[in-house]
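Okay, here's what each chain looks like letter by letter:
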Amino acid sequence: MTLEDWLRSGFLRTHCSSRQEIVELFAISDRDLANCRTTGLDAEWRMAIAYNAALQAATAALAAEGYRPARGESHHWRVIQSLAHTVGADGDTVEQFDRFRKKRNLSAYERSGAVSDQEAEEMRSLAERLREAVGQWIQTAHPELAPGNAKA
Amino acid sequence: MHPDQRWYLRDIARRTGCALGNLRRELSGLAEAEIVTTTRDGNRRYYQANPACPLFPELAGLIRKTVGLAEVLRDALVPLGDRVAAAFIYGSQASQEAKAASDVDLLVVGTATFAEVASAVGPLQERLGREINPTVYPPGEFLRKAQEGHHFLRTVLKARKLFLIGGERDLRRLAEKRFPPDAL
């Protein structure tokens, strides 16, 4: 499956990104990467914030490729899976990210508190890794959208 | 669960909590239907699952997905060795209120990471037809939160558990250790 296949199946829509959009998504990701270190916040929240940081980075990569998830589709799942097709994330990384998606859903709707500090840390380090990967990838794959590059 | 093993009547009685008489009757019925085979060794009679029985795959699946759940999960955690100090199932699967689609809630105390535990049990989800939701605490954090009376842990520690690794006593020891968490 490629992103093109997903588009044909109606999972994605085409999207025209801009440097401004990428700058904004990176800014949210960076803000959340900082906020998830807030001491005194419960592990559950820190994990959710780090998860959002990673999701925004993944969304930026997908936007740069010219797509966004279709409405009503399992939005988060799709964005996470797309990392394999954008930055070339390996299976383990995608799977780990997706497990945190499930954990976050559970903690939001069913089982509040079932998140350890260590798990919040694991999500943070995953988010940092992904944010870094998307930042580097965009420089080479879409230099015209990369924040900080002179306007093409 | 263990088709390669044969079991003596009293063994089965001990493991299942069934009365010997009832058990003997049930087993002879199963043997007649060729669902189990019997062998004699001296004056002992052994019973063993019969993998050649056409119903075997379905029966094994039924057991795996219901009463055998804990055994399947334990086998998946064993390779993590002493990096799992204690592990148990809590929630509906432990309190026997599980519905068809109920998830399996798993709590692990040990030095293994969430990623490791999730990878170990992840592949079972399809076989069991259930989602497995692990929560992993390093011993230091478990001790601290147990002593602080962290709401989630307090609730889980009081509720019914189905132990996979270790037992109630190990868990209590992990939650009450007197020396500082750094020493763990």
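This is a predicted model, so every value here is computed, not measured.

Engineer: Even after reading the chapter, I still don't get the overall build of chain B, so can you show me in this structure?
Structural biologist: Across its full length, chain B carries nine helices and seven strands. The C-alpha extent of chain B, read off along each of the three principal axes, is 60 × 35 × 30 Å. Looking at chain B residue by residue over its 184 residues, the buried ones come to 27%.

Engineer: Quick question: what am I supposed to make of the overall build of chain A here?
Structural biologist: For chain A, the count of helices and strands is six helices and two strands. Counted from the first residue to the last, chain A has its helices and strands arranged as α-β-α-α-β-α-α-α. Compactness check: chain A gives a C-alpha radius of gyration of 15 Å against a globular reference of 15 Å for 152 residues, within 12% of the reference. Within chain A, the fraction of its 152 residues that count as buried is 44%. Excluding contacts between residues fewer than 6 apart, the proportion of contacts in chain A whose partners are at least 24 apart in sequence is 71%.

Engineer: Explanation requested: the sheet that holds strand β3 (residues 44–49) of chain B in the structure shown.
Structural biologist: Sheet strands pair by backbone hydrogen bonding; their relative direction is either parallel or antiparallel. Residues and elements named next belong to chain B. Strand order across the open sheet formed by three strands is β1-β3-β2, with antiparallel pairing between neighbours. Whereas interior strands pair on both sides, the edge strands pair on one side only; in this sheet they are β1 (6–8) and β2 (36–41). Direction aside, the axes of adjacent strands within the sheet are offset by 35 degrees on average. Two elements, β1 and β3, share three bridges in a ladder whose sense is antiparallel. Bridge pairing in β3 places R6 opposite Q48. Strands in contact with helix α1 (residues 9–16) are β1 and β3; relative to β1, the strand with the most contacts, it is inclined by about 90 degrees. Sheet strands in contact with helix α2 (residues 20–32) are β2 and β3, and its direction is about 110 degrees off that of β2.

Engineer: How should the nonpolar core be read in this particular structure?
Structural biologist: In globular proteins that are soluble, nonpolar side chains generally tend to be buried together. Membership of the largest hydrophobic core comes to 76 residues, with the highest contact counts inside it found for A50, A54, A58 and A61 of chain A together with A87 of chain B. Considering every element that reaches this core, the biggest residue donor is helix α3 (residues 43–64) of chain A, with 16 residues.

Engineer: What exactly am I supposed to notice about the sheet that holds strand β6 (residues 132–137) of chain B here?
Structural biologist: Residues and elements named next belong to chain B. Taking strand neighbours across the sheet as the criterion, the four strands line up as β6-β5-β4-β7 in an open arrangement whose pairing is mixed. Looking at strand neighbours, the two that pair on one side only are β6 and β7 (162–165), the edges of this open sheet. Each strand axis lies, on average, 20 degrees off the axis of its neighbour in the sheet, ignoring direction. One ladder, built from six bridges, connects strand β5 (residues 104–110) with β6; its direction is parallel.

Engineer: What exactly am I supposed to notice about the interface of chain B and chain A here?
Structural biologist: Reports of interface size often rely on the accessible area that becomes lost once the parts have come together. Listed per partner, the contact involves 13 residues of chain B and 12 residues of chain A. Those elements that provide at least two residues to the side of chain B that touches chain A are α5 (114–121), β6 and α8 (151–158) of chain B. Here the element with the most residues in the side of chain B that touches chain A is β6 of chain B; it accounts for four residues.

Engineer: Please clarify how the environment of L69 of chain B should be interpreted in this entry.
Structural biologist: Residue and element names in this part refer to chain B. Topologically, L69 is positioned in helix α4 (residues 69–77). With 22 C-beta atoms counted inside 10 Å, the residue L69 sits in the buried group. Distance in space between the C-alpha atoms of L69 and L128 is 7.6 Å, their sequence separation being 59 residues. In this structure, L69 is in contact with Q93, V104 and L128, ignoring residues within four places of it in sequence.

Engineer: What is the right way to look at the packing of α3 of chain A against helix α4 (residues 75–82) of chain A in this model?
Structural biologist: Axis angle and axis distance: for two packed helices, these are the angle between their axes and the distance between the axes, and together they describe the pair. Residue and element names in this part refer to chain A. Running from amino to carboxyl end, α3 crosses α4 at an angle of 70 degrees, the nearest separation of the two axes being 9 Å. Judged on the interaxial angle alone, α4 and α3 are roughly perpendicular. With respect to the hand of their crossing, α3 and α4 are arranged in left-handed fashion. On the side of α3, the interface is formed by L55, A58, T59 and L62, while α4 contributes H76, V79, I80 and S82.

Engineer: Even after reading the chapter, I still don't get the confidence of the model for chain B, so can you show me in this structure?
Structural biologist: Where the model shows low pLDDT, its predicted coordinates should not be examined in detail. When the pLDDT values of chain B are averaged, the result is 86; 91% of them are 70 or greater. Overall fold confidence (pTM) sits at 0.78, and the ipTM for the predicted complex is 0.80.

Engineer: Where do I start with α3 of chain A in this structure?
Structural biologist: Because each turn of an α-helix spans 3.6 residues, side chains separated by three or four positions end up pointing in the same direction. All names here are of chain A. For α3, with 22 residues, the first-to-last C-alpha span of 32 Å sits near the 32 Å given by 1.5 Å per residue. Counting buried residues along α3, 20 of its 22 residues qualify, which places the element largely inside the surrounding structure. Immediately downstream of α3, the backbone of G66 shows phi near 95 degrees, a positive value.

Engineer: When you look at α2 of chain B in this model, what are you seeing that I'm missing?
Structural biologist: The first and last C-alpha atoms of α2 of chain B sit 18 Å apart over 13 residues, in line with the 18 Å expected at 1.5 Å per residue. Within two residues after α2 of chain B, E34 of chain B carries a phi angle of roughly 65 degrees, on the positive side.

Engineer: Is there a simple way to think about the packing of α1 of chain B against α2 of chain B in this case?
Structural biologist: Residue and element names in this part refer to chain B. Following both chains from N to C, one finds α1 and α2 inclined at 115 degrees, their axes separated by 10 Å at the closest point. In terms of orientation, α1 and α2 fall into the roughly perpendicular class. By crossing handedness, the relation of α1 to α2 is classed as right-handed. Together, L9, I12 and A13 of α1 and L20, L23 and R24 of α2 make up the contact between the two elements. For the contact of α1 with α2, the per-class residue count stands at five nonpolar, no polar and one charged.

Scoring rules and cut-offs
- Residues numbered from 1 in each chain as written.
- Chains lettered and ligands numbered in written order.
- Predicted model: local features only at pLDDT ≥ 70, side-chain atom pairs only at ≥ 80, totals over all residues.
- Helix = DSSP H or I, 4+ residues; strand = E, 2+ residues; numbered from the N terminus.
- Buried ≥ 20, exposed ≤ 12 C-beta atoms within 10 Å, placed from the backbone.
- Rg over C-alpha atoms; globule rule 2.2 N^0.38 Å.
- Contact = placed C-beta atoms within 7 Å.
- Pairing = 2+ DSSP bridges.
- Axes fitted to C-alpha atoms, helices over the stretch in contact; angles between N-to-C directions.
- Core = buried A, V, L, I, M, F, W, Y, C linked by C-beta atoms within 7 Å.
- Parallel < 35°, antiparallel > 145°, perpendicular 65-115°, else oblique.
- Left-handed = near helix turned anticlockwise from the far one by under 90°.
- pLDDT = per-residue confidence, 0-100.
- Expected span 1.5 Å × (residues − 1).
- Nonpolar A, V, L, I, M, F, W, Y, C, P; charged D, E, K, R; others polar.

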